[in-house]
Structures are given as structure tokens and as C-alpha cells.
Amino acid sequence: MYDNNNIFAKILRKEIPCDKVYEDEFSLFFNDINPQAKIHVLGIPKIKCENFSDFVSKTDDKIINEFFKSLNLVINKLNIKEKGYRLVSNTGDDGGQEVPHFHIHILAGEKIVGIK
Ligand code: AMP
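Residues numbered from 1 in each chain as written. Predicted model: local features only at pLDDT ≥ 70, side-chain atom pairs only at ≥ 80, totals over all residues. Heavy atoms only, no water.

A.B. asks: For this particular structure, what's the right way to read the layout of surface pockets?
C.D. replies: Regions of empty space are outlined by a rolling probe, equal in size to a water molecule, passed over the atoms. Considering only enclosed or pocket space, the largest pocket measures out at about 470 Å³ in volume. Taken together, 23 residues make up the lining of the largest pocket; nearest its centre are Phe-8, Asp-32, Ile-33, Asn-34 and Leu-42. Sorting the residues of the lining of the largest pocket by element identifies helix 1 (7–12), strand 2 (27–31) and strand 3 (39–45) as the ones contributing at least two each. Broken down by element, the residue count for the lining of the largest pocket peaks at three residues, all from helix 1. Taken together, Ile-39, Asn-79, Ile-80, Lys-83, Gly-84, Tyr-85, Arg-86, Ala-108, Gly-109, Glu-110, Lys-111 and Ile-112 make up the full set of residues lining the second largest pocket. Considered class by class, the residues forming the lining of the second largest pocket number five nonpolar, three polar and four charged. (1 Å grid on protein atoms, 1.4 Å probe; cavity = no way out; pocket = protein on both sides within 12 Å on 5 of 7 lines; lining within 4 Å. Points joined across faces, edges and corners; volume = space filled by probe spheres on them. Helix = DSSP H or I, 4+ residues; strand = E, 2+ residues; numbered from the N terminus. Nonpolar A, V, L, I, M, F, W, Y, C, P; charged D, E, K, R; others polar.)

A.B. asks: Sorry if this is basic, but what is going on with the site of the ligand here?
C.D. replies: Close to the ligand lie 17 residues; Asp-32, Asn-90, Glu-98, His-103 and His-105 are nearest. One of the side-chain N or O atoms of Asn-90 is found 2.8 Å from an oxygen atom in the ligand. The contact in question runs from an oxygen atom of the ligand to an N or O atom on the side chain of His-105, over 2.8 Å. Calculation on the ligand without its partners gives an accessible area of 510 Å², and the protein chains cover 90% of this total. With respect to the detected pockets, the ligand is housed in the largest pocket. Within the residue set of the shell around the ligand, elements represented by two or more residues are helix 1 and strand 2. Broken down by element, the shell around the ligand gets its largest block of residues, three residues, from helix 1. Its residues assigned to classes, the shell around the ligand shows seven nonpolar, seven polar and three charged. (Near = heavy atom within 4 Å. Polar contact = N/O pair within 3.5 Å; in protein donor to acceptor, adjacent residues only side chain to side chain. Areas by Shrake-Rupley, 256 points an atom, 1.4 Å probe, with all protein chains shown as cover. Sits in = over half its atoms within 2 Å of the grid points.)

In short, geometric facts, not functional conclusions.
The structure is reproduced here in C-alpha cells:
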């Protein structure tokens, strides 16, 4: 069950601040507090969903579409399309997920080797 007190839920409710990169009606992108690369941005949808599978299976198609369009927009905004980047979504214990709100890591700005 979705934990309303997870840190990203608090960020979405503006109970704690974030270093915002981009926001629209459906999603929020912000810098990771503990960056694992020169560029490390997290993207989250503004709905209650725990992980990638929940997001894709329980969410309205329009919201899924808008989220991935915004992700691509942020990739363009970060100017990393040409040099490349890594997208990661950790899920569950084996995936090493720490925050139980679906999120995508955007890692870039240097060669990404064996992290996150
Ligand atoms: P994951 O292991 O995929 O669940 O990743 C959670 C990520 O959230 C980690 O990279 C943390 O550094 C990051 N994180 C935790 N708290 C915050 C916060 N308040 N603001 C920004 N990033 C955070």
C-alpha cells in the first residue's frame, strides 16, 4: 500500500523543499540530494504510485504519456541528448528502492559506470 509519508509525497505536498528542475500539471523533476553523477535528476509523477509496474498498470494512459513526454522535455532542457545519459528506476528490495514513490533517475554529465 502507498505510504503517504514517503519523502517524495512530502515534496509533492510542499512540506519539504526540493531543488526543482521542471514542473507541470502531471510531474515534478528535481535534483537528487545525494548526486551519483555530475547531473542527477529525479522525475516523479504527481500521483500516488509506488513503483514502475504500479505506474504503468494502474494509471490513466494520459498521465503515463504526459510523464514520459515531460521526461524527454527535461532531457532536452538538461542538454544531455547528444552526449548521452542513463535512466534508472529502482524497484523493491532487490532493485534497491529507498523511496516508495515511483521515480526515474536521470544520470548524466560524465561517463556513468556501475552506479545506481
Ligand atoms: P531510490 O534508491 O531509487 O529509491 O532513490 C531514492 C533517491 O532519492 C536517492 O538517490 C536519494 O539520494 C534521493 N533523495 C532522498 N531524499 C531526497 C530529497 N529530500 N531530495 C532529493 N532527493 C532525495
